[in-house]
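# Working through the structure, step by step
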Amino acid sequence: MIGLPHYLLLGAVVFSIGVFGVLTRRNAVAVLMSVELMLNAVNINFVAANKFMAVGTAVGQLFSVFVIVVAAAEIAVGLALVISIYRQRGTVDLHDFNLLKW
Amino acid sequence: MDFSILGAEILIALLGLAVLVLGLSLPGKAQKYVNGLALTGLGLVLIYLIISFSKGANLFNGVYQIDLYGNYFKILFLSAGILVMLMAGTYIKRFEEKSSEFYGLMILATLGMMLMVSAGEFITLYVGLELMTISFYILTAYLKSDKLSGEAGLKYLILGAVSSAILLFGISLVYASLGTTNFIEIGASFTSSSAVIAGVVMIIAGFAFKVSVVPFHMWTPDIYQGAPIPVTTYLSVGSKAAGFAALVRVFMVAVDVSDPVFNWSLLLAVLAAVTIIIGNLIALSQKDIKRLLAYSSIAQAGYILVGVTAANSFGLKGVLFYALIYVFANVGAFAVATAVEVDTGRTDIEAFAGLSKRSPLLAAIMTICMLSLAGIPPMAGFAGKFYLFAGAIQSGYLWLALIGLIMSMVSVYYYLGVSKAMYIGENSYEAPLSLGSGSTVALWVCVLATILLGVYPGPLSELAGAAIQILL
């Protein structure tokens, strides 16, 4: 029988893959995709927790809908920034963005 | 339902959208009227909020809380927004004809902050937080032809998105354990299971990023340096105050601070101590005024966190008091830095050399703001730090108050380093700096508030004391 812990475990694994992607990818677009993976892990948690912990309410599902909407807005701004940076420098490799440092 | 209770939020949302649409549809020459509309609109909403200050309501089954605590912070955000817009007047020429979008996004960021402080549960909190940060991503990268600005925007976006994801994962763990996102219900059924502890730790990490607490401060100097100065100012006073306001509400209502299994207040105390030490020590070696103020703002976040750690009436009163006086001192310092950057095109501390001869008044104002940030009496910063550290001593954190005190003394060195450059340094520039009328007003408000609140802190401290009653 698959219960809440299994879903939370799946969420944690997907979240970790996302963190790994953010830390290792050099391409800005790939990093944004990894962030998306982290947010989707959160959505898995919310929907599963809603089914097992809060039967009869829909707060968890509602939360995941809000996360999807906000993530779409975030990615729209993110890609716009990536395009504007690409026009300035001709690259989206994060290792090349080193003008600002202490 | 009585919608006048939500009046401030509704008006700000309409104003933000109106400024964006009008800015797009009107020709370039009419932009300055749109900017005027933005400023007057914010001013009117501020007056509306002050009139309806004592109103309270529990809307939508506890989803949205209107109370003194929220109203206090809303007035703080609006005052900060108005001051920043006033001082941005001279800088705004760099945006060419796209200046009204800047005002529109500033207003939407303010709306996000207002939603954050009034949120009674996590969904509203998250939406407000993202409204604020997404507006700031765009604002940070606003100088499209400036490489630093674009780089800062992308860095802020990636790090901000990751930190929101961590915050959300924490919220989802708390929800999975307790089955609710409402702060009061979470507080009622709070248990220290390992999932809840992990969740709350991740929530703290998410907030710590927004208010730039060590070890989540890495983004602060880079983004502060790259962003246009008015945005940096609003980021350092508004975004930080909003993060602390929401953190305090979550901590006082949802989390059981006196929990026997996990010592939350010790965790916060250690974070505060590390933040104060690292922020002040790295600030000592900074050569750029924006980076100096960035590290100083990290240190200031540590001081405010001392008050959150104390979690008693003195400490929380200190948080509210300090957040407001920090607005005045920081906006004043940044306004002078803006005038210098507009004039010389430089942001390093050497650019301030000889400022006392060029513009004695500006040099004096900068010194007053710096002394307030360092916490020297009779400036307001001293009164604020007094409340924060007294609160920490009351709840048994004598060592934390001592660290704060010692590091405040260290901070005087780098704050006065700027004054030293202004009064002793020599410079080839001779002519006095030109200030717009907006910047002049903003500077006078900041310096008068800094001095008056330092000499006579009583009324504001009583107000802050009344505002936190709901959390104790």
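Quick note: structure is the one above.
So, here's what we can say about the structure. (Residues numbered from 1 in each chain as written. Chains lettered and ligands numbered in written order. Predicted model: local features only at pLDDT ≥ 70, side-chain atom pairs only at ≥ 80, totals over all residues. Heavy atoms only, no water.)

## Considering the overall build of chain B
Secondary structure summary: chain B contains 19 helices and two strands in total. Relative to the globule expectation of 23 Å for 472 residues, the C-alpha radius of gyration of chain B, 21 Å, shows essentially globular dimensions. C-alpha extents for chain B along the principal axes are approximately 65 × 55 × 40 Å. Burial statistics for chain B: of 472 residues in total, 67% are counted as buried. For chain B, contacts bridging at least 24 residues in sequence account for 79% of all contacts bridging at least 6. Of the accessible surface of chain B, which amounts to about 15,400 Å², a share of 71% is contributed by carbon and sulfur atoms. Computing the positive centroid from 22 side-chain charges and the negative centroid from 22, chain B places the two 7 Å apart. (Helix = DSSP H or I, 4+ residues; strand = E, 2+ residues; numbered from the N terminus. Rg over C-alpha atoms; globule rule 2.2 N^0.38 Å. Buried < 20%, exposed > 50% of the residue type's maximum accessible area, 1.4 Å probe, protein only. Contact = heavy atoms within 4.5 Å. Areas by Shrake-Rupley, 256 points an atom, 1.4 Å probe, with all protein chains shown as cover. Lys, Arg positive; Asp, Glu negative; His and termini not counted. Charge placed at Lys NZ, Arg CZ, Asp CG, Glu CD.)

## Some remarks on the environment of Asp 93 of chain A
All names here are of chain A. Position of Asp 93 relative to the elements: it lies in the segment after α3 (59–89). For the pair Asp 93 and Arg 25, spaced 68 residues apart in the sequence, the C-alpha separation amounts to 9.1 Å. Here Arg 26 takes part through its side chain, which lies 3.1 Å from a polar atom of the side chain of Asp 93. (Polar contact = N/O pair within 3.5 Å; in protein donor to acceptor, adjacent residues only side chain to side chain.)

## Quick look at a nonpolar patch on the surface
Residue and element names in this part refer to chain B. A surface patch of nonpolar side chains, about 590 Å² in accessible area, is lined by Ile 393, Leu 398, Leu 402, Leu 405, Ile 406 and Met 409. The dominant element in the nonpolar patch, judged by the number of residues it contributes, is helix α17 (residues 398–424), at five residues. With respect to the helices, strands and loops of the structure, Ile 393 is situated in helix α16 (residues 380–394). The class of Ile 393 is partly exposed, set by a relative accessible area of 44%. (Patch = residues over 30% accessible without salt bridge, like charges linked within 9 Å, V, L, I, M, F, W, Y side chains within 5 Å. Salt bridge = Lys/Arg side-chain N within 4 Å of Asp/Glu carboxyl O.)

## Regarding the nonpolar core
Residue and element names in this part refer to chain B. Ranked by size, the top nonpolar core spans 217 residues in total, and within it Tyr 72, Phe 73, Phe 102, Phe 136 and Phe 352 carry the most contacts. Looking at which element gives the most residues to this core, the answer is helix α13 (residues 313–344), with 20 residues. When sequence neighbours within four positions are dropped, the list of residues in contact with Tyr 72 reads Phe 53, Leu 320, Phe 321, Leu 324, Leu 460, Leu 463, Ala 464 and Ala 467. If you look at the next biggest cluster of nonpolar residues, it comprises six residues, including Ala 57, Tyr 64, Ile 66 and Leu 115. (Core = buried A, V, L, I, M, F, W, Y, C linked by side-chain atoms within 4.5 Å.)

## Brief notes about the pattern of salt bridges
According to the stated counting rule, one finds nine salt bridges over all chains in the structure shown. Residue Asp 93 of chain A pairs with Arg 26 of chain A through a salt bridge whose shortest N-O separation is 3.1 Å. On the criterion of sequence distance, the pair formed by Asp 93 of chain A in the segment after α3 and Arg 26 of chain A in the loop between α1 (4–24) and α2 (28–53) is long-range, its members being 67 residues apart. For Arg 26 of chain A, a relative accessible area of 42% corresponds to the partly exposed category. With a shortest N-O distance of 2.7 Å, Arg 358 of chain B and Asp 343 of chain B are connected by a salt bridge. Of this pair, Arg 358 of chain B sits in helix α14 (residues 355–358) while Asp 343 of chain B is found in helix α13, placing the two residues 15 residues apart along the sequence. The exposure class of Arg 358 of chain B is buried, given its relative accessible area of 8%. When salt bridges with common partners are traced through the structure, they connect Arg 89 of chain A together with Glu 151, Lys 155, Asp 222 and Arg 291 of chain B into a single cluster.

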